[in-house]
Amino acid sequence: MGTSYIYKRDASRLFIALRENGKRYKIYIPKESSPVIDGVEQDIDFVEQEDFHYAFDWKGKRFHCELVSRDQNKAIIKVNGVEYKFSLESLFSYIRHGMIDKDSNQINENNIVAPMPGKIVDIFLAEGDLVNAGEAILSLEAMKMQNEISANCNGVIRKIRVQPGQSVMKDELLIEISSIDV
Amino acid sequence: MKKRLLIANRSEIAIRIIRAAHKLGMLAVVFQSDRELDALYLNYADEIIPARDAGNDKPIFLDPERIVNLALEHNIDLVHPGYGFLSENPDFAQLCVDNGINFIGPSPQLIRDMGLKTVAKSMAIKAGLPLVPGSDGPVNDAEAAKAFADKIGYPVILKASAGGGGRGMRIVEKPETIERNFKSASDEALAAFGNGDMFIEKYLQNPKHLEFQIMGDKHGNVVHLGERECSLQRKHQKIMEEAPSASVTPAMRKEMGDMAVKFAQSIGYYSAGTIEFIMDEDGSYFFMEMNTRIQVEHPVTEMITGVDLVDWQIRVALGEELTLKQEDIQIKGWAIECRVNTEDPQNRFSPQTGFIDKIHFPHGDGIRIETGVQSGSVVTPYFDSMISKIIVHGENRADVIEKTLKALYEFSLIGMKTTVPFCRTVLQHPEFINATYTTRWVDTVFTPEMLENDDDELIGALAATIMYASEYLQLSSDLPTYKNDNLNVWILNKRLNY
C-alpha cells in the first residue's frame, strides 16, 4: 500500500473559515472520517445536532456550539458561551476571490514543469481535484524509465496542460496547482 | 398547626428558603408576580399568593404595605426577605413587627443603624474595629486637606460629604496636585449638591474584599463562620466568591473573627450578618460595613462549615438559642461560587434577556446548584440578571479550582450569553491561581479577548463550516454531475458510533 494521504480528491469538501482577527482555518470534511483541519486529521466526535445547536467532544471536553446569526457567508458561532465570527468560503470562491495565490498570473512555483524531456505516460488526477504534497500526479517516461512526478504542496489542480502520449520539453508547464498551504 | 412562612423574594433564593422552611416542617408561601407568571420557584411552594402587581409601578417584592397586608390576609407567621429588594429596609422590618409578623432578620433599629454609614462606622469604632484612616468630619480647606494627606500618606481620596455617583470625588496621587483637586471637587460638589464639604480618606489602590459571616441569637450568643473573599467584582458587584480566603492566615482569621463577634455582640445583633472588610496590599484591613441579610454567596460558607445558615436564621427568629459553639466550627476544604448572570462578558457585561432554550447544569460530588430557572424559562428585564449559582467544594484551593473549571465546562445554556465563560477565564488566570487578584482585576487586567481560546475557536470554525457546508453541498448535490452523497454521512456515522 502506498502512503495514505489526508486529502481525498473531492475539493468541494474543502472550506476556508476566516476570523475577523485574520486567523484562517482550512477545513476538509471527508465523507466518513474525522475532519481535517489545517492539514491535521482531528479526532472530533460529533455528539449532538439540533437545529442551530451542535455539540462536539474533543480532547476529553464537550463543546457546545450555537449559531447566533448568519448573513450570507458570515456566521457568528457561540462556542461554550463565547462568540466567534467567521466568514466562510468554499475552496473555489476562495481562489476566485484571489485570496490564494495572489500572484497566480505570474510564475507559480507550485506549478509542475517537466524536469526533463520525455513523454507523458499517464495522468492520475483530474482538474479540480485536491492533491497532497508528495502525491504522484503523473508519470513521465524519459530514457526508457517511468518517473512519477509529485506535487510539492497541498493544493487543488487548476489546469492540466498536457495529455497522455504527448511529448514534452524540459521545463514545459504540465500542471497548474493552487496551493492551499499558507 | 404548621407555621406559615412567607418569602418576600423570588428566583433561586426563594427556592433556597422554601427548602429551609420544609426542613423545619413549615409551609412555604410565595408571591406570584405578574411580571414573572411562570417562575420556577412557584413549583416548589406550598401556597402561592397572586400579587396582581401588573398595574403597579413596582413589583410586589418592593411594596412593603401590600406585602404586609397580603401576609395578614393569609395568616402568615414569619416573613423571610431574602437578599436585595426589602431585605435591608428598616421600615419594612418595622411594619412586619408592628403587625405581629416575625421578620426573619435582625431588629429594625439595627437594620437602620447599619444602613447609615456614619452611624455604622461610629459603632464600629466603639467596638475597636479599624477604619480606613480619614478625616472624622469635613476638612475646612485645601491646606487642611494637604496637611491631613501628608499625615496619612498618598494616594488619598477626596469625597463630597453630600456626594454620590462619582461627582465631587477625586483620587490624589501626590501632594503637588491636592490643592487643585480639592478646589475642583469642592466646586463640583457645591454645584451638584449645594454643599461643598469634603472628606478625605486614604485610598487603597489594589484592595481585596473580605467578609466575615456571623450568626447570633436573641440570647446574646454570636459565632463567626470564617471569611469569604469577594474581590472578584464587575461594576462594583461581586461575581465570584471563595471561602476561605488565601489572604487570611489562621491567626488573622481568629483576630478578625473575634473582632466581628465582639462588634456584633456590642450592638446586640441577632440573625445572620456579614461584616465587610477591605484589605490593603500590605495585609492591613479596615471595616467597611455590615450587611444585615443573608447574602448571595452564603453557600460557600455553608460548604466549608457544614452549617445551614438559612435554617439558623429561621430558628433564631423563633427565639431558639444557638447550639453552635465557636470552637466546634471547623473549616473543611475550600469552596468557590460562580454566579451565572445573563450578561455578555464580551460586551461590557451588558444584560441579556430572552428565552432559555436549554440549560444544563454540572453534576457530581461537591457540586451544588442553586437556580431560579430551567429549560424554557424566560429572562425578563424586570429583575436581576443572576439566574443561577454554581458552588463547588474541594479538598483545598487547587482542587476546588480544578473541579470548578470542569464543572463550568459541563454547564451549557442555549439561547443567551452568560458570565460562565468569564468565570472559566478567571479560574485559569495566574492572578486568581496565586490569589493575588484584587477588586480592580476586571478593570485593569481583564479584556474580552481573554475569554477566547484556541480549542473553542477551532471548534467554532468547524461548526460554522459544517453549517455552511451542508447547504453548499446540498446545492451541489442537486446538480446532475454531482457524485457525492450528502455531508451528513460523517455526522451520522459519528453519532452512531458515540
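Residues numbered from 1 in each chain as written. Chains lettered and ligands numbered in written order. Predicted model: local features only at pLDDT ≥ 70, side-chain atom pairs only at ≥ 80, totals over all residues.

Peer 1: Describe the overall build of chain B, naming the residues involved and giving the relevant values.
Peer 2: Regarding its fold elements, chain B presents 16 helices and 22 strands. Relative to the compact-globule value of 23 Å for 498 residues, chain B shows a C-alpha radius of gyration of 26 Å, a close match. By its C-alpha atoms, chain B is 90 × 70 × 50 Å across when sized along the principal axes. Out of the 498 residues in chain B, the part that is buried amounts to 46%. Partitioning the intrachain contacts of chain B with sequence separation of at least 6 by distance along the chain shows that 64% fall at a separation of at least 24. (Helix = DSSP H or I, 4+ residues; strand = E, 2+ residues; numbered from the N terminus. Rg over C-alpha atoms; globule rule 2.2 N^0.38 Å. Buried ≥ 20, exposed ≤ 12 C-beta atoms within 10 Å, placed from the backbone. Contact = placed C-beta atoms within 7 Å.)

Peer 1: Please give an account of the sheet that holds strand β9 (residues 82-90) of chain A that cites residues and values.
Peer 2: All names here are of chain A. Across the sheet, nine strands lie side by side as β4-β3-β2-β1-β9-β8-β7-β6-β5; this open sheet has antiparallel pairing. This sheet does not close on itself; its edge strands, each paired only once, are β4 (40-41) and β5 (45-50). Alignment of strand β1 (residues 14-19) against strand β2 (residues 24-28), held across five bridges, turns out to be antiparallel. Pairing of Phe15 across the sheet is with Ile27, part of β2. (Pairing = 2+ DSSP bridges.)

Peer 1: I'd like a description of the confidence of the model for chain A, backed by residues and values.
Peer 2: Confidence in the prediction for chain A averages 86 pLDDT; 92% of positions are at 70 or higher. Within chain A, no element has a lower average pLDDT than helix α1 (residues 91-96) of chain A, which sits at 78, and none a higher one than strand β8 (residues 74-79) of chain A, at 95. (pLDDT = per-residue confidence, 0-100.)

Peer 1: Would you mind going over the domain arrangement of chain A in detail, with residue names and values included?
Peer 2: Residues and elements named next belong to chain A. Considered domain by domain, chain A is made up of domain 1 (11-96) and domain 2 (112-179). Here the C-alpha centre of domain 2 lies 33 Å away from the C-alpha centre of domain 1. Counted by class, the side of domain 1 that touches domain 2 contains four nonpolar, one polar and no charged residues. (Domains from an automatic or database assignment. Nonpolar A, V, L, I, M, F, W, Y, C, P; charged D, E, K, R; others polar.)

Peer 1: Please give an account of helix α2 (residues 64-73) of chain B that cites residues and values.
Peer 2: Residue and element names in this part refer to chain B. Looking only at α2, the buried set comprises Ile67, Val68, Leu70 and Ala71. One face of α2 carries all of its buried residues, which in axial projection span an arc of 165 degrees. Structural note: α2 exposes Glu65, Leu72 and Glu73 on the side pointing more than 90 degrees away from its buried face. Its buried side turned inward, α2 meets β1 (4-7), β3 (47-50), β4 (78-80) and α3 (90-98). Of the residues flanking the end of α2, it is Asn75, one or two places downstream, whose phi is positive at about 55 degrees. (Arc of directions from axis to C-beta.)

Peer 1: Mind laying out the pairing of strand β14 (residues 334-341) of chain B, listing which residues take part and the relevant values?
Peer 2: Residue and element names in this part refer to chain B. Counting buried positions along β14 yields eight of eight residues, so the element is predominantly enclosed. Residues Trp334, Ile336, Cys338 and Val340 line one face of β14 and the alternating positions Ala335, Glu337, Arg339 and Asn341 line the opposite face, and both faces are buried. Of the pairings in the sheet, the one linking strand β11 (residues 237-243) to β14 comprises four bridges and is antiparallel in character. Among the inter-strand pairings, Glu241 is bridged to a residue of β14, identified as Glu337. Sheet analysis places β14 next to strand β21 (residues 386-394), joined by eight bridges and oriented antiparallel. From the neighbouring strand, Trp334 faces β21, where its bridge partner is Gly394.

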